[in-house]
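Structural features, examined
Here's the letter readout for the chains.
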Amino acid sequence: MSGLSKGIERAEARLKWDPSPLGAPPSDLDLIAATYRAGAEHGEPAYLVAFDSRFSPDGTIWLNRDSTDGKGLGFDEVLTLELDRLGSDYTRVVLAVAIQQGFGRLEFQTVANPAYQIVTGYTVLAEGDFTSIGAATAATVAEFTRNASGAWEFRTLLAGFDTDPDTFSRTMGRRPS
């Protein structure tokens, strides 16, 4: 944050987990950023940044680090958002995590020590684990929204979903029913 009136200009989302026990299939968690345009803040995302599309079309959001097994040092996945450069037609960005289901059903409670952290500079905006949504296979974590003056604001949005990663990526921005 470079000043309260300017809001959050740049942020970083981080995800970590421990590798699966010996002999167990790997746990593959994916950090996702979904962008939404004005007037469609809760519909399908305009675009996603995730493991299969690591850069936004305008270069303002990118996945710096991607892990398929949690064997990284420190944070296994890191995603950078340059909100101050994001086009003015974008008014919402949702950060989420999905668990790949290629080796059978995995839930947050079956992944070893999954945790997230969202920072701006040296300021921690949010951090936590997924204990409260243990049976979920995907989760929204937080959102950035552009206010009337154009400044970006942050809100924690931890909510679990029981769905496959493809469906989740299309529906993660919807209002809770």
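Remember, predicted model here, so these are calculated numbers, not experimental data.

With respect to the side chain of Asp28
As for its position among the elements, Asp28 is in the loop between β1 (10-16) and β2 (29-37). An unpaired buried charge is present at Asp28: no salt bridge exists, and Arg54, the closest side chain of opposite charge, is 11 Å distant. Excluding its chain neighbours within four sequence positions, the residues that come into contact with Asp28 are Trp17, Ser67, Thr68, Ala98, Ile99 and Gln100.

Some thoughts on the pattern of salt bridges
A side chain with one charge may pair with a side chain of the opposite charge, provided their charged atoms come close. Here the structure, examined in full by the defined rule, presents eight salt bridges. For Arg10, the salt bridge goes to Glu82, with nearest N and O atoms at 2.7 Å. Taken together, the residues span a long stretch of sequence, with Arg10 in strand β1 and Glu82 in strand β5 (residues 77-82) at a distance of 72 residues. The class for Arg10 is partly exposed, based on a relative accessible area of 43%. In this structure, Glu12 engages Arg14 in a salt bridge whose closest nitrogen and oxygen atoms are separated by 2.6 Å.

Brief notes about the sheet that holds strand β9 (residues 138-146)
Pairing in this open sheet of five strands is antiparallel, and the strands run β3-β2-β6-β9-β10 from one edge to the other. Each end of this open sheet is capped by a strand with a single partner; those strands are β3 (47-49) and β10 (152-161). Here the strands of the sheet are splayed against their neighbours by 20° on average, with no regard to which way each runs. Inspection of the sheet shows β2 paired to strand β6 (residues 90-99) by nine bridges, in the antiparallel sense. Within β6, the residue paired with Tyr36 across the bridge is Arg92.

Focus on the environment of Asp84
Here Asp84 shows up in the loop between β5 and β6. Considered as a pair, Asp84 and Thr60 are 24 residues apart in the sequence and their alpha carbons are 8.6 Å apart.

Remarks on the packing of aromatic side chains
Per the counting criterion, the structure on display carries five aromatic pairs. Between Tyr116 and Phe130 the ring centres are 5.5 Å apart and the planes differ by 55°, which places this aromatic pair in the tilted class. In this pair, Tyr116 sits in strand β7 (residues 115-120) while Phe130 sits in the loop between β8 (123-129) and β9, placing the two residues 14 residues apart along the sequence. Each member of the pair, Tyr116 as well as Phe130, is classed as buried. Through a chain of ring-to-ring contacts, the aromatic side chains of Phe108, Tyr116 and Phe130 assemble into a single cluster. Geometry around Phe75 places Lys16 over its ring, the cationic atom sitting 5.2 Å from the centre. Here the basic side chain of Arg92 rests over the ring of Tyr36, its NZ or CZ set 5.3 Å away from the ring centre.

A look at the side chain of Glu143
Here Glu143 is to be found in strand β9. For Glu143, a relative accessible area of 6% corresponds to the buried category. Separated by 2.6 Å, the side chains of Glu143 and Arg92 make a polar contact. Only 2.7 Å separates the side chain of Glu143 from the side chain of Arg155, close enough to count as a polar contact.

Description of the layout of surface pockets
In this structure, the second largest pocket spans a volume of roughly 160 Å³. Around the second largest pocket, the lining residues are Asp30, Ile32, Leu48, Ala50, Phe51, Asp52, Ala98, Gln100, Pro165, Asp166 and Ser169. At three residues, the largest contribution of residues to the lining of the second largest pocket is made by helix α1 (residues 165-171). Grouping the amino acids of the lining of the second largest pocket by side-chain chemistry returns six nonpolar, two polar and three charged.

Cut-off values and rules
Residues numbered from 1 in each chain as written. Predicted model: local features only at pLDDT ≥ 70, side-chain atom pairs only at ≥ 80, totals over all residues. Heavy atoms only, no water. Helix = DSSP H or I, 4+ residues; strand = E, 2+ residues; numbered from the N terminus. Buried < 20%, exposed > 50% of the residue type's maximum accessible area, 1.4 Å probe, protein only. Lys, Arg positive; Asp, Glu negative; His and termini not counted. Salt bridge = Lys/Arg side-chain N within 4 Å of Asp/Glu carboxyl O. Contact = heavy atoms within 4.5 Å. Pairing = 2+ DSSP bridges. Axes fitted to C-alpha atoms, helices over the stretch in contact; angles between N-to-C directions. Phe/Tyr/Trp six-rings, centres within 6.5 Å; stacked < 30°, edge-to-face > 60°. Lys NZ or Arg CZ within 6 Å of the ring centre and 35° of its normal. Polar contact = N/O pair within 3.5 Å; in protein donor to acceptor, adjacent residues only side chain to side chain. 1 Å grid on protein atoms, 1.4 Å probe; cavity = no way out; pocket = protein on both sides within 12 Å on 5 of 7 lines; lining within 4 Å. Points joined across faces, edges and corners; volume = space filled by probe spheres on them. Nonpolar A, V, L, I, M, F, W, Y, C, P; charged D, E, K, R; others polar.

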